[in-house]
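Each chain, letter by letter, is given below.
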Amino acid sequence: MKTILTIASVCSLLFASSVSVASTEEAPLIPPFDPMYEQQWVLSNTGQDGAFEDIDINAEAAWNIRTDAKDVVVAIISTGIKTDHPDLQTNIWINRDEIADNGIDDDGNGYIDDIHGYNFIDRNANNDDLFKPFYSVPSGTEIAGAIGAVGANGVGIRGVAWKVQLMGLKVDYRDHDYPIAQLKASAIVEAIEYAIDNGANIIVMEDIVTTYRSWMMPMPATSYIGLVLRDAIQKAKAANVLVVTKARTTFDGVAYPSGFVDSNVISATNISDFLNKDPRFSNAIVAYDIYIPGGKSLTTSIEPLYEENISLAAGYVAGAAALIMAENPELSAAEVRQQLILNVRPDSRFDTTFNSGWLNVYDAIRLPGQKKTQQYATTVNEHIEAKRAYPCG
């Protein structure tokens, strides 16, 4: 039997603090039917590779409550998804109203042959993932594995949700200047609207940033990109769709949509960003909602079929949100967001520099509408007033 440590004891393990252990809980252990599962330390940390034991997202305990989110549709706005991946194939979303490869828009949604999603770059239904974006931005296939690699199938790894519907919406994150970024923004906005119109419950995407002389810069909310993106996020809010974004620290501001103050947007990042001592990050607005233990974690990929990536925070949070929605279908997108934030594993250092704590899937799924830990501010302004976030300058 695995002992699940309380918040106090987990913090003392990671940071060697003097906080004493208040109590422990016992929960049955899910057997690892997937051969590479032991390499997914973010899901279950047993001290492999010298890590601190139990510093993970508490997924294993949550799986004793629910592993299945088969009716939840998660739209991944990224580089597409490798739809024939052996660990993803049975979890790929299918448009039941469309007939594949007949050249007809059978369901009348404006998109021909969109069986598994759509390619908003080439304007066709070929949304297979063929490349990796620049820097540490994960591919859609890598994000998909964190959300919903098929669990207990005897193949590879498992996602947070063992069964879920993964909708691949292909856009391009490789562009770097405003003219191309505007085209990119139009593709992203169209992808958001497609997800809303085609039944997505959750949208996962990266923050949009621009670059100037090879430096990442903030995207003004009043810019063309900011305005059209804000309108799309508002449409998602009206449709009760949760938007999970991998927040990206810029050198002089905040990126979007994580910078929008909306009850349906939750921003996530890896704790490895917290350990980044690069002084160029020192004047950034920090307004993240939730954190994932940092470092490389194994996920699905294109070739080879499994690779490590350090930027899977949004995927893990989206997988957790899918389980919460499946277990508690009466909750709104805003309530699911609150459930995730209210049940983090806090760390005292987040109080002065960051906003929240680590994702805790177990507490989030088992306590609907209840506060397990200290309540945190839920808007950018509240974070700033609480001195958990700060403006530039």
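Residues numbered from 1 in each chain as written. Predicted model: local features only at pLDDT ≥ 70, side-chain atom pairs only at ≥ 80, totals over all residues. Heavy atoms only, no water.

Caption draft 1: Expanded view of unusual backbone geometry. With an omega of 0 degrees, the peptide bond between E303 and P304 qualifies as cis. Position of P304 among the secondary structure elements: in the loop between β12 (297–300) and β13 (306–309). At R123, a residue that is not glycine, the phi angle is positive and equals roughly 60 degrees. Under the relative-accessibility criterion, R123 is labelled partly exposed at 42%. A positive phi is found at A152, a non-glycine position, where the angle reads about 55 degrees. (Helix = DSSP H or I, 4+ residues; strand = E, 2+ residues; numbered from the N terminus. Buried < 20%, exposed > 50% of the residue type's maximum accessible area, 1.4 Å probe, protein only.)

Caption draft 2: Looking closely at the pairing of strand β10 (residues 265–270). In terms of burial, β10 is largely enclosed, as six of its six residues are buried. Neither face of β10 is exposed, since V265, S267 and T269 on one face and I266, A268 and N270 on the opposite face are all buried. Inspection of the sheet shows strand β9 (residues 242–246) paired to β10 by four bridges, in the parallel sense. Bridge pairing in β10 places V243 opposite V265. (Pairing = 2+ DSSP bridges.)

Caption draft 3: Structural detail: the packing of aromatic side chains. Applying the stated rule across the entire model yields eight aromatic pairs. Between Y37 and W63, the aromatic rings sit 5.9 Å apart at their centres with planes inclined by 50 degrees, giving tilted as the arrangement. Of this pair, Y37 sits in the loop between β2 (24–27) and α2 (59–62) while W63 sits in the loop between α2 and β3 (68–78); the two residues are 26 residues apart in sequence, bridging distant segments of the chain. Considered together, Y37 and W63 belong to a single accessibility category, that of buried residues. Through a chain of ring-to-ring contacts, the aromatic side chains of Y111, Y118, F120 and Y194 assemble into a single cluster. For R158, the ring lying beneath its charged end belongs to Y37, and the centroid distance is 4.1 Å. (Phe/Tyr/Trp six-rings, centres within 6.5 Å; stacked < 30°, edge-to-face > 60°. Lys NZ or Arg CZ within 6 Å of the ring centre and 35° of its normal.)

Caption draft 4: Geometry of the environment of E53. Checked against the element boundaries, E53 lands in the loop between β2 and α2. Its relative accessible area of 45% is what places E53 among the partly exposed residues. In sequence terms E53 and W41 are 12 residues apart; their C-alpha atoms lie 9.3 Å from each other.

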